[in-house]
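One-letter residues, chain by chain:
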Amino acid sequence: MNNLMKFEFRKLFKQKSFYICTAVMLGMSFIGLLLNKALASNPDFNIVLPTASSALLSAVSSSSFTMVCGIFIALFVCTDYDQQTIKNVYSRGFSRSEVYFSKLILCVVSTVVMFAATLVFTYIAGAAMFDGTAESGNYAGLIAGQFLYCLAYSSFVFSVSLIVKKVGISIALAILGPSLIGTVINLADAFLKTNNFKIGSYWLDGFIGDLTSLATDSSRLIVCIVLSIIYAAVFVATGYLINRKQEN
């Protein structure tokens, strides 16, 4: 397992897609900051100038983090299967479970690195561009919630990629999968016509708005955090059980 992990880490840091996707996130986040600054400085728009702290909270959404990170994970996971190099890994005596969890660990590590890089870059750039006074609020809790939300999304893409094993399909599902599920759930809400309970608020797509707002109360934050953990565990377990029964 240690040798397999070393191999996966070497492969990760040699992947051009890892650096390209990270750069895309940072670039999109920076463009979002420039746009906010331009709008706030325009007297025709009644917009309060953001702060470094508010920029930090919006970093995940403004950088399209989940979509870009999902694309990278799909590329990273499926490349061995598309190129048939996975057969060489199995021929060296590594089990299907070892391959699954080694790739899972690398996907978690890549998500952590990308998440940290995006937040640090956005905060520094925001501090350089904005000089407003930050509002008080539960920044640590919201950032923790965003991190777990991103891990849940990455777990979804990882599991789908290990099941499908095709780069193109996995990328498409990484981009559209959660949104399609959210659309079906929203249709169910519209059909049920319940005012006090919305199924969509308990799906991943319903979390990010609350996780970027200082107005979010503690109970809602806890719901987003707990469900993100549950979703991540379910995705990983489901992917593992299905992958174990597949032939390649």
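Residues numbered from 1 in each chain as written. Predicted model: local features only at pLDDT ≥ 70, side-chain atom pairs only at ≥ 80, totals over all residues. Heavy atoms only, no water.

Under the defined criterion, the tally for this structure stands at one cavity of 30 Å³ or more. Of the volumes computed, that of the largest cavity is approximately 40 Å³. Residue lining of the largest cavity: L104, C107, V108, T111, L151, S154, S155 and F158, and that is the complete set. Listing elements by their share of the lining of the largest cavity, those giving two or more residues are α7 (96–129) and α8 (139–164). (1 Å grid on protein atoms, 1.4 Å probe; cavity = no way out; pocket = protein on both sides within 12 Å on 5 of 7 lines; lining within 4 Å. Points joined across faces, edges and corners; volume = space filled by probe spheres on them. Helix = DSSP H or I, 4+ residues; strand = E, 2+ residues; numbered from the N terminus.)

Where nonpolar side chains cluster on the molecular surface, the patch consists of F191, L192, F197, I199 and Y202 and spans about 520 Å² of accessible area. Relative to the assigned elements, F197 resides in the loop between α9 (167–192) and α10 (208–211). (Patch = residues over 30% accessible without salt bridge, like charges linked within 9 Å, V, L, I, M, F, W, Y side chains within 5 Å. Areas by Shrake-Rupley, 256 points an atom, 1.4 Å probe, with all protein chains shown as cover. Salt bridge = Lys/Arg side-chain N within 4 Å of Asp/Glu carboxyl O.)

We now examine helix α5 (residues 65–82). For α5, with 18 residues, the first-to-last C-alpha span of 25 Å sits near the 26 Å given by 1.5 Å per residue. Burial runs high along α5: 15 of the 18 residues are buried. Q84 lies just past α5 and shows a positive phi near 65 degrees. (Expected span 1.5 Å × (residues − 1). Buried < 20%, exposed > 50% of the residue type's maximum accessible area, 1.4 Å probe, protein only.)

Let's shift gears to α9. End to end, α9 covers 37 Å across 26 residues, agreeing with the expected 38 Å (1.5 Å per residue, within 8%). Within α9, the axis deviates most sharply at L176, by approximately 45 degrees, and proline P178 lies no more than four positions further along. Taken residue by residue, α9 has V167, S170, I171, A174, G177, P178, G182, I185 and D189 as its buried positions. Summarising the contacts, the buried residues of α9 are in contact with α5 and α8. Of the residues trailing α9, K193 is marked for its positive phi of about 55 degrees. (Bend = angle between axes of the 7 residues up to and from the residue. Contact = heavy atoms within 4.5 Å.)

Turning our eyes to something else, we now look at the packing of α5 against α9. Contact geometry for α5 and α9: axes closest at 8 Å, N-to-C directions at 160 degrees. By the angle between their axes, α5 is roughly antiparallel relative to α9. Taken as a pair, α5 and α9 cross one another with a handedness that is right-handed. For the pair α5 and α9, contact is made by M67, G70, I71, A74, L75, C78, T79 and D82 and by V167, S170, I171, A174 and I175, respectively. Of the residues assigned to the contact of α5 with α9, the class counts are nine nonpolar, three polar and one charged. (Axes fitted to C-alpha atoms, helices over the stretch in contact; angles between N-to-C directions. Parallel < 35°, antiparallel > 145°, perpendicular 65-115°, else oblique. Left-handed = near helix turned anticlockwise from the far one by under 90°. Nonpolar A, V, L, I, M, F, W, Y, C, P; charged D, E, K, R; others polar.)

This part takes up unusual backbone geometry. A negative phi angle characterises most non-glycine residues, just as the trans form characterises most peptide bonds. Of note in this structure, S64 is not a glycine but carries a positive phi near 50 degrees. Position of S64 relative to the elements: it lies in the loop between α4 (59–62) and α5. Despite not being glycine, K165 has its phi angle at roughly 65 degrees, a positive value. Following the sequence through the fold, K165 ends up in the loop between α8 and α9.

Our next topic: the layout of surface pockets. To find the voids left in a structure, one rolls a probe of water-molecule size over its atoms. A volume near 200 Å³ is recorded for the second largest pocket. Lining the second largest pocket are N3, L4, K6, F7, R10, T85, N88, V89, R92 and F94. Sort the elements by how many residues they give to the lining of the second largest pocket and helix α1 (residues 2–14) lands first, with five residues. Of the residues in the lining of the second largest pocket, the class split is four nonpolar, three polar and three charged.

Evaluation of the coordinates by the stated rule reveals 16 aromatic pairs. Cation over ring: K103 sits above F76, and NZ or CZ is 5.6 Å from the ring centre. Here K165 stacks its cationic end above the ring of Y81, 5.2 Å away from the centre of that ring. (Phe/Tyr/Trp six-rings, centres within 6.5 Å; stacked < 30°, edge-to-face > 60°. Lys NZ or Arg CZ within 6 Å of the ring centre and 35° of its normal.)

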